[in-house]
Protein chains: 2
Amino acid sequence: MDVKTRDRYEARATIVKAMAHPTRLFIVDKLAQKSMCVAELTDLIGADMSTVSRHLAVLKTAGIVQDRKKGVQVYYRLRMPCILNFFGCVETVIKSTAITQLSLVKK
Amino acid sequence: MDVKTRDRYEARATIVKAMAHPTRLFIVDKLAQKSMCVAELTDLIGADMSTVSRHLAVLKTAGIVQDRKKGVQVYYRLRMPCILNFFGCVETVIKSTAITQLSLVKK
DNA sequence: TGCTTATTTGGCAATATAGCCAAGAATATC
DNA sequence: GATATTCTTGGCTATATTGCCAAATAAGCA
């Protein structure tokens, strides 16, 4: 694989990696409904606010979410809703592997 | 976040994580064209075969690819082509952030 | 100005991931 | 059976990620 090709897949991996965490997937799902501030998300998630802030930073750096200051609060919103198209496929994969694993157990 | 919800996002993250690597994204792209054996992919990628084999195992465990033995060789094929729908969006994100970052540099 | 609240960042420890080499397992060929 | 080939796995080191606490920053309010 040449350098240019590697770079292209590296760039893609950065985006995918940004979503490769349960908490961040949850955040994306929530922000798809409405924009929220860090405190609200922290409440829903139930982790330390610093942890949630870091997850949001990862999503922001990847360009998946956008932030906007409103007084003391920082509101985050989904910048790339096309990301959501992916989830349907992910669910399909989960269901299909569940079936496969069930048939393996039966053997 | 309750346990059931956490589990759901955990399951999704497993799938997304399986793709969160440049080499594995490359593999998915290649297998979208045609099924290939480990040696062929190793050739294209230019890493140790053991490394490629491990990447394939990750994709297989996640249910993204499927393998089939053919003599000494193991052919892998894409099991979930809907995964590809995602790449378009990823490219859009990359392009849009490139523009954003350009404007930041200009400042 | 001093105080409170919301958020980010530094620093650290625990855990996970990636890559290579060498060794093992499976299959084909002689 | 011995040998070669393809692939996987064990074992190791290096690196990256995650999560928490504590400290820093930023904005609003008394």
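If you're wondering where the values come from, they're calculated on a predicted model, not measured in any experiment.

Q: Explanation requested: the protein's contact with DNA strand D in the structure shown.
A: Residue and element names in this part refer to chain B. Taken together, the neighbourhood of DNA strand D is formed by 23 residues, with C37, V38, A39, S50 and S53 sitting nearest. Top contributing element to the surface near DNA strand D by residue count: helix α4 (residues 49-61), with six residues. A per-class count over the surface near DNA strand D returns eleven nonpolar, eight polar and four charged.

Q: Help me understand the interface of chain B and chain A in this model?
A: Taken together, the 34 residues of chain B in the interface contact 34 residues of chain A. Of all the secondary structure elements, the ones that give two or more residues to the side of chain B that touches chain A are α1 (3-19), α2 (22-33), α3 (38-45) and α5 (85-106) of chain B. Taken together, the residues of the side of chain B that touches chain A sort by class into 22 nonpolar, eight polar and four charged.

Q: What exactly am I supposed to notice about the relation of the copies chain B and chain A here?
A: Here the second copy of the chain follows from the first by a rotation about an axis and a shift along it. Aligned on chain A, chain B shows an RMSD of 0.0 Å; the corresponding rotation is 180° and the shift along the axis is 0.0 Å. Such a combination of turn and shift is consistent with a two-fold rotation axis. Closest approach to the rotation axis within chain B is made by the C-alpha atom of F86 of chain B, at a distance of 2.8 Å. Mapped onto chain A, 100% of the interface residues of chain B again fall at the interface, so both copies present the same surface.

Q: Would you mind going over the pairing of strand β2 (residues 65-70) of chain A with me for this structure?
A: Successive residues of a regular strand alternate their side chains across the two faces of the sheet. All names here are of chain A. When β2 meets strand β3 (residues 73-78), the two strands line up antiparallel, connected through six bridges. Counterpart to K69 in the pairing with β3 is V74. Linking β2 to β3, which pair antiparallel, is a turn of two residues; within it G71 sits at a positive phi near 75°.

Rules behind the numbers
- Residues numbered from 1 in each chain as written.
- Chains lettered and ligands numbered in written order.
- Predicted model: local features only at pLDDT ≥ 70, side-chain atom pairs only at ≥ 80, totals over all residues.
- Near = placed C-beta within 6 Å.
- Helix = DSSP H or I, 4+ residues; strand = E, 2+ residues; numbered from the N terminus.
- Nonpolar A, V, L, I, M, F, W, Y, C, P; charged D, E, K, R; others polar.
- Contact = placed C-beta atoms within 7 Å.
- Least-squares fit on C-alpha atoms with pLDDT ≥ 70 in both.
- Pairing = 2+ DSSP bridges.

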